[in-house]
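# Working through the structure, step by step
Here is what each chain is made of, one letter per residue.
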Amino acid sequence: KSLSTEEILNKLSRSLILLGKVLVPEMTTAESPAFHEDLEVHLRDVRQKYTVVVAPRHHAKSSVVACLFILWHIFLEDRFRWLLGMVGTPRQTIKHVVLISKTQGEAIKRLGTIKAVLGDEGDYSPKFRQIFGDWGEETAKRWTKAEVVLKDGTIITAHGMGQPVRGVKKKHLRPTLICADDTEDENNKKTDGAIMDNRRRLLQAIMPSLNIRTGRVVVIGTPLNTQCLVVHLQKAIGWRVLWYKNDAENNESKWYDSATKEWKTYEGVLWPEYISRQHMLKEKST
């Protein structure tokens with residue numbers, strides 16, 4: 001028996017991993033690791049306002065958060081809230097997503113992945129259009145390199161960490177999701193002052209623009225030093241910190257959740273099908 005569109009939407013709203021397999025199969029060629037499944041459960045916790053995700057490089061945290069989660073937030077979060085009994089209708093509401101990276105150029109690259117799913121210069125996901133309809137460039141109200149305004153008024157903006165913060169709020173529409181992905185590098189954390197500027201920009205300038213009722217912030221990163229943003233936020237009040245790391249020498253992975261303040265150890269590295277223990281040991285020895 002084939003599923004109805006309603007049944008498909010309900011099913012997709014309950015799983016970012018399934019959403020990726022259906023809409024962007026080329027992004028999910030390797031078997032999804034267990035830590036991705038753990039991460040997506042936390043991301044779908046709509047009651048959690050501030051979340052930090054820390055994981056090693058090349059473990060697809062940006063693909064899960066800065067692509068699949070943003071698509072889920074725009075097209076499926078309202079339905080998921082309805083299934084939980086939090087709202088009276090699954091009707092899709094207007095969203096405002098601010099996608100931040102260390103430079104605007106990097107944020108534009110991440111926005112480009114989302115645009116390719118929706119429909120950008122003839123490139124789009126056929127499955128997305130089959131399920132959700134046409135939300136691409138030809139139907140958009142605005143479609144530029146750094147910002148799109150979809151046909152319902154939903155905004156997605158690519159923003160560099162060092163940019164002036166004016167313009168984050170668009171008229172009456174405050175951000176419903178701020179996704180800060182890989183906001184620091186060797187250039188913007190050279191001095192203690194630069195590190196503090198990064199914190200202030202996010203915590204005192206960008207976050208106050210957030211939608212008070214339903215707005216959420218997700219910060220993704222790999223720790224660069226003990227003073228970097230994701231390490232600092234580990235100690236901040238109100239932030240849920242999800243930290244995943246490898247211990248290749250002992251063939252283990254360690255997961256931390258600030259809600260329990262405990263590290264849990266699991267057999268095998270985080271993503272053995274994609275980045276094996278042998279590969280990590282070889283990289284370490286060279």
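What comes next is a walk through the structure. Since this is a predicted model, take the numbers as computed values, not measurements. (Residues numbered from 1 in each chain as written. Predicted model: local features only at pLDDT ≥ 70, side-chain atom pairs only at ≥ 80, totals over all residues. Heavy atoms only, no water.)

### Digging into the environment of Asp78
Summarising the element assignment, Asp78 is placed in helix H5 (residues 77–83). Placed 13 residues apart in sequence, Asp78 and Arg91 show a C-alpha to C-alpha distance of 6.6 Å. (Helix = DSSP H or I, 4+ residues; strand = E, 2+ residues; numbered from the N terminus.)

### Notes on helix H2 (residues 16–23)
The set of residues buried in H2 consists of Leu16, Ile17, Leu19, Gly20 and Leu23. Seen along its axis, H2 keeps its buried residues to an arc of 160°; they face one direction. Residues of H2 that are buried sit in contact with helix H1 (5–13), helix H3 (34–43), helix H4 (61–75) and helix H7 (126–132). Its side-chain oxygen 3.4 Å from the backbone nitrogen of Ile17, Ser15 forms the N-cap of H2. (Buried < 20%, exposed > 50% of the residue type's maximum accessible area, 1.4 Å probe, protein only. Arc of directions from axis to C-beta. Contact = heavy atoms within 4.5 Å. Polar contact = N/O pair within 3.5 Å; in protein donor to acceptor, adjacent residues only side chain to side chain.)

### Some words on the packing of H3 against H4
Relative placement of two packed helices is described by the angle separating their axes and the distance separating the axes. Where H3 contacts H4, the two axes come as close as 12 Å, and the packing angle between them is 45°. One finds that H3 runs oblique with respect to H4. Classified by chirality, the crossing of H4 by H3 is right-handed. Across the interface between the two elements, His36, Leu39 and Leu43 from H3 touch Val64, Val65, Phe69 and Trp72 from H4. (Axes fitted to C-alpha atoms, helices over the stretch in contact; angles between N-to-C directions. Parallel < 35°, antiparallel > 145°, perpendicular 65-115°, else oblique. Left-handed = near helix turned anticlockwise from the far one by under 90°.)

### Structural notes on H1
By the burial criterion, the buried members of H1 are Leu9, Asn10, Leu12 and Ser13. Relative to the axis of H1, the buried residues are bounded by an arc of 165° and lie together on one face.

### Let's talk about the pairing of strand S7 (residues 216–221)
S7 sits mainly inside the fold: 6 of its 6 residues count as buried. Every second residue of S7 is oriented toward a common face, with Arg216, Val218 and Ile220 on one face and Val217, Val219 and Gly221 on the other, all of them buried. Bridge count between strand S1 (residues 50–54) and S7: 5 bridges; the pairing is parallel. Its bridge partner being in S7, Thr51 is matched across the sheet by Val218. Summarising the sheet, strand S6 (residues 177–181) and S7 pair through 5 bridges and their orientation is parallel. Across the sheet, Cys179 pairs through a bridge with Val218, a residue of S7. (Pairing = 2+ DSSP bridges.)

### Notes on unusual backbone geometry
One non-glycine residue, Asp182, lies in the positive phi region at around 55°. Examined against the element boundaries, Asp182 turns out to sit in the loop between S6 and helix H8 (192–206).

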